[in-house]
Amino acid sequence: MTESEQSFDIAVVGGGMVGAAFSRAMSGKGLSIALIESRAPLRDWPAGEVDLRVSALSRASQRMLQRLGVWERILELGASPYRQMRVWDAASSGRIRFDSADLGEADLGHIVENRVIQLALWERLEQTPDVALICPAVIADLDRREPPARIRFADGRSIDARLLVGADGRDSLVRDLAGIATEGWNYDQRAIVANVRPADWHQETAWQRFLPTGPLALLPLSDGRCSIVWSADDERALELMNLNDGLFSEMVTDASESCLGRLILDGPRASVPLRLQHAKQYVLPGLALIGDAAHAIHPLAGQGVNLGFLDAAELAATLDLAIERRRDLAGLWTLRHYERARRGDNLLMLGAMDVFKRIFGDSRQPLAAIRGLGLTTVDRLAPLKRLFMDRALGLGADLPPLVRPYTAS
């Protein structure tokens, strides 16, 4: 790094999907931006291989990625639309179906590998002159006693930044070094992720069955396979991870009630511990948290990365407003505007998913019967169903107006 490269207006720690999207959103505004990441994204992978980590992108996330100029590249690399969603309860007769045709929409969203989203964003950032990609880089220390913040790396390098943005995940080092506490709890569950090959066509439908030990989701992939996310209590998850491939295939087929016929495991499995976590503060002078660094949510509705993209859009819009009004980018007046806009909405979504998890994780009667009646009632009441769909799937969400579309660059 040259001397002139050591001071930036904004330093973003974490070059995953949310951090990269925010960096792209802030380019072209006359600011210098550093994006710090410990590992560069994968550039290629074997044909036909599907990564275990996928995201269900909402319409709002799709619009943001379109505005950032990367959606077409994501489609080239691989995205699987889903047009229906079917949800049913193992402990009752309740079920609900969402169909994009009922909304006059082409689809309800897309299933996309995380590595595809990250690579598309990085390719665009490599063509963005006002964003410096500092990678690989491991942060050793953070000094925020006086502005600008000083970021020291393990290899002895250091940079300064007026505004530090933590986008480094739920175990955020930035959050910890800044002394921001979190609240929440462990779910004593793990999410098992894998890919399976169903005997029957998945019908471009996302399937989810609520089991007493946790929900099982089958997410459709364009080649006919499904990505699964199976949340299960710790003990049950350990049993499932220790099964051989054949027995696991039998168990996941049974857990899905054979909705797609026999499911055959196709590749490795992994499991991730689940917890609800919310930062007590999103901002401090000269610092803001976005994405999983600010909040971690149960995956039963697939909203994690969608909330993160909305954080990135809102913070970018907030900083645009500060530029327009000639306010300090790193000042609390500016940053609290972002916190007020996002913290309440995120807390509402975290709370809603926690309630869903607890309600659907209880198989006792008459709660199961009431729950089943509720699902069936919502399915039959079109206006209520539409309202629920707009909120849950992001079809009714809009981006802050100051996140403008990009021209090719």
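Just so we're clear, the structure is a prediction, and the values are computed from it rather than from any experiment. (Residues numbered from 1 in each chain as written. Predicted model: local features only at pLDDT ≥ 70, side-chain atom pairs only at ≥ 80, totals over all residues. Heavy atoms only, no water.)

Colleague: Hey, could you go over the packing of helix H1 (residues 17–26) against helix H9 (residues 304–324) for me, with residue numbers and the actual values?
Modeller: Close contact between H1 and H9 brings their axes to 9 Å; oriented N to C, the two are set at 25 degrees. As judged from the angle between their axes, H1 and H9 are roughly parallel. Read as a crossing pair, H1 and H9 show a hand that is right-handed. Across from Met-17, Val-18, Ala-21, Phe-22, Ala-25 and Met-26 in H1, the residues of H9 making contact are Val-305, Gly-308, Phe-309, Ala-312, Leu-315, Ala-316 and Leu-319. Its residues assigned to classes, the contact of H1 with H9 shows 12 nonpolar, one polar and no charged. (Axes fitted to C-alpha atoms, helices over the stretch in contact; angles between N-to-C directions. Helix = DSSP H or I, 4+ residues; strand = E, 2+ residues; numbered from the N terminus. Parallel < 35°, antiparallel > 145°, perpendicular 65-115°, else oblique. Left-handed = near helix turned anticlockwise from the far one by under 90°. Contact = heavy atoms within 4.5 Å. Nonpolar A, V, L, I, M, F, W, Y, C, P; charged D, E, K, R; others polar.)

Colleague: Break down the pairing of strand E17 (residues 270–279) for me, with residues and values.
Modeller: Here strand E12 (residues 182–198) pairs with E17 via nine bridges, running antiparallel. The partner of Trp-185 across the bridge, within E17, is Leu-276. (Pairing = 2+ DSSP bridges.)

Colleague: I'd love a proper account of the pattern of salt bridges, names of residues and values included.
Modeller: In this structure the tally under the stated criterion is 29 salt bridges. Across the pair Arg-150 and Asp-160 runs a salt bridge, and its minimum N-O distance is 2.2 Å. Taken as a pair, Arg-150 in strand E10 (residues 149–153) and Asp-160 in strand E11 (residues 158–166) lie far apart in primary sequence, 10 residues in all. As a salt-bridge pair, Arg-225 and Asp-266 come within 3.3 Å of each other at their nearest N and O atoms. Placement of Arg-225 in the loop between strand E14 (214–220) and strand E15 (226–233) and of Asp-266 in the loop between strand E16 (263–265) and E17 is noted, with a sequence separation of 41 residues between them. The exposure class assigned to Arg-225 is buried, which follows from its relative accessible area of 5%. Three or more residues joined by partner-sharing salt bridges are found here, namely Glu-49, Asp-51, Arg-53, Glu-113 and Arg-115. (Salt bridge = Lys/Arg side-chain N within 4 Å of Asp/Glu carboxyl O. Buried < 20%, exposed > 50% of the residue type's maximum accessible area, 1.4 Å probe, protein only.)

Colleague: A description of the sheet that holds strand E7 (residues 109–113) should follow, citing residues and the corresponding values.
Modeller: Spatially, E3-E7-E4 is the arrangement adopted by the three strands of the open sheet, whose pairing is antiparallel. What marks the edges here is a single partner per strand, and that holds for strand E3 (54–57) and strand E4 (80–82). Adjacent strand axes in the sheet meet at a mean angle of 25 degrees, parallel and antiparallel pairs treated alike. The sheet contact formed by E3 and E7 spans four bridges and is antiparallel. From the neighbouring strand, Val-54 faces E7, where its bridge partner is Glu-113. Across the sheet, helix H5 (residues 114–125) is in contact with E3 and E7; its angle to E7 comes to roughly 85 degrees.

Colleague: Lay out the confidence of the model for the protein chain in plain terms, naming residues and giving numbers.
Modeller: Taken residue by residue, the protein chain gives an average pLDDT of 89. The fraction at 70 or more is 87%. Low pLDDT, under 50, characterises residues 1–5; the predicted model gives this stretch five contacts beyond four residues in sequence or across chains. Low confidence marks residues 404–409, where pLDDT is under 50. Its contacts with residues over four positions away, or in another chain, come to 13 contacts. (pLDDT = per-residue confidence, 0-100.)

Colleague: Would you mind going over unusual backbone geometry in detail, with residue names and values included?
Modeller: Between Cys-135 and the following residue, Pro-136, the backbone shows a cis peptide bond with an omega angle of 0 degrees. Relative to the helices and strands, Pro-136 is located in the loop between strand E8 (131–134) and strand E9 (139–143). With an omega of -5 degrees, the peptide bond between Pro-147 and Pro-148 qualifies as cis. Considering the arrangement of structural elements, one finds Pro-148 in the loop between E9 and E10. Phi at Gln-203 is positive, roughly 65 degrees, even though this residue is not glycine. Here Gln-203 is to be found in the loop between E12 and strand E13 (205–211). Positive phi, normally seen in glycine, also occurs at Glu-257, with a value near 60 degrees. By relative accessible area, Glu-257 is classed as partly exposed at 45%.

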